[in-house]
Amino acid sequence: MTGFALDALDHVQLALPPGGEEAARAYYAGVLGMTEKPKPAALAARGGCWFRSGAVELHLGVEQGFLPARTAHPGIQIRGLDALAARLTAYGAPVTWDDAIPGRRRFHTTDPFGNRLEFLEDT
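J.: Explain the environment of R52 to me, using residue names and the numbers behind them.
T.: Tracing the backbone shows R52 in strand β3 (residues 49-53). A relative accessible area of 34% means that R52 is categorised as partly exposed. Taking the C-alpha atoms as reference points, R52 and A23, separated by 29 residues in sequence, lie 16 Å from one another. Other than its neighbours up to four places away in sequence, R52 contacts M34, T35 and E57. One polar contact links R52 to E57, side chain to side chain, over a distance of 2.6 Å.

J.: So what about the pairing of strand β8 (residues 116-122)? Which residues, and what values?
T.: Successive residues of a regular strand alternate their side chains across the two faces of the sheet. Across the seven residues of β8, five count as buried, placing the element largely inside the fold. Summarising the sheet, strand β5 (residues 75-77) and β8 pair through three bridges and their orientation is parallel. Its bridge partner being in β8, I76 is matched across the sheet by F119. In this structure, the hairpin formed by strand β7 (residues 104-110) and β8 is closed by a connection of five residues, where G114 is found at a positive phi of approximately 95 degrees.

J.: Describe the packing of aromatic side chains, listing the residues and the values that go with them.
T.: Tallying each qualifying case throughout the model produces six aromatic pairs. Considering the side-chain rings of W97 and F107, the 5.1 Å spacing of their centres and the 65 degrees angle between planes classify their relative orientation as edge-to-face. Placement of W97 in strand β6 (residues 96-98) and of F107 in strand β7 is noted, with a sequence separation of 10 residues between them. On the basis of relative accessibility, which here comes to 42%, the residue W97 falls in the partly exposed class. According to the relative accessible area criterion, F107 is buried, its value standing at 0%. Site record: aromatic cluster; members linked through ring pairs are Y27, Y28, F51 and Y91.

J.: Can you tell me about the layout of surface pockets, naming the residues and giving the values?
T.: Computed from the structure, the largest pocket encloses a volume of approximately 520 Å³. Taken together, 23 residues line the largest pocket, and the ones lying closest to its centre are S53, V56, I76, Q77 and I78. Only β4 (56-62), β5 and α3 (81-91) provide two or more residues apiece to the lining of the largest pocket. In terms of residue class, the lining of the largest pocket is made up of 13 nonpolar, six polar and four charged. Considered as a void within the structure, the second largest pocket measures approximately 160 Å³ in volume. If you go around the second largest pocket, the residues you meet are Q13, K39, L43, R46, G47, W50, H59, L60, G61 and V62. When residues of the lining of the second largest pocket are assigned to their parent elements, the largest contribution, four residues, is made by β4.

Cut-offs applied
Residues numbered from 1 in each chain as written. Predicted model: local features only at pLDDT ≥ 70, side-chain atom pairs only at ≥ 80, totals over all residues. Heavy atoms only, no water. Helix = DSSP H or I, 4+ residues; strand = E, 2+ residues; numbered from the N terminus. Buried < 20%, exposed > 50% of the residue type's maximum accessible area, 1.4 Å probe, protein only. Contact = heavy atoms within 4.5 Å. Polar contact = N/O pair within 3.5 Å; in protein donor to acceptor, adjacent residues only side chain to side chain. Pairing = 2+ DSSP bridges. Phe/Tyr/Trp six-rings, centres within 6.5 Å; stacked < 30°, edge-to-face > 60°. 1 Å grid on protein atoms, 1.4 Å probe; cavity = no way out; pocket = protein on both sides within 12 Å on 5 of 7 lines; lining within 4 Å. Points joined across faces, edges and corners; volume = space filled by probe spheres on them. Nonpolar A, V, L, I, M, F, W, Y, C, P; charged D, E, K, R; others polar.

The values are spatial; any link to function lies outside them.
The structure is reproduced here in structure tokens:
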């Protein structure tokens, strides 16, 4: 026994390039429908932004010398996978379907900065 237990994932942080906050807001709030969560004052000076929808919380932090996460990614369980795929396609984001996991429908996409995102729905 370890004496501790991991209870839940609090948030996932992705990087964005300096000055990318407005594009992040347009995508994460505007396209994905997430709500921007105010950052604590001590952290707000660093730039970036935080978003939440239900139990999903994503933090986007400014990274000098930014490179997108092309393999590492959050996997986000949703309801309405086809509706989200259509919304992303209309926005111009790539939607790449993958049927490699039995019992789950899923696709990968990228945010405006090239960070990989996976969306999944149980069948």
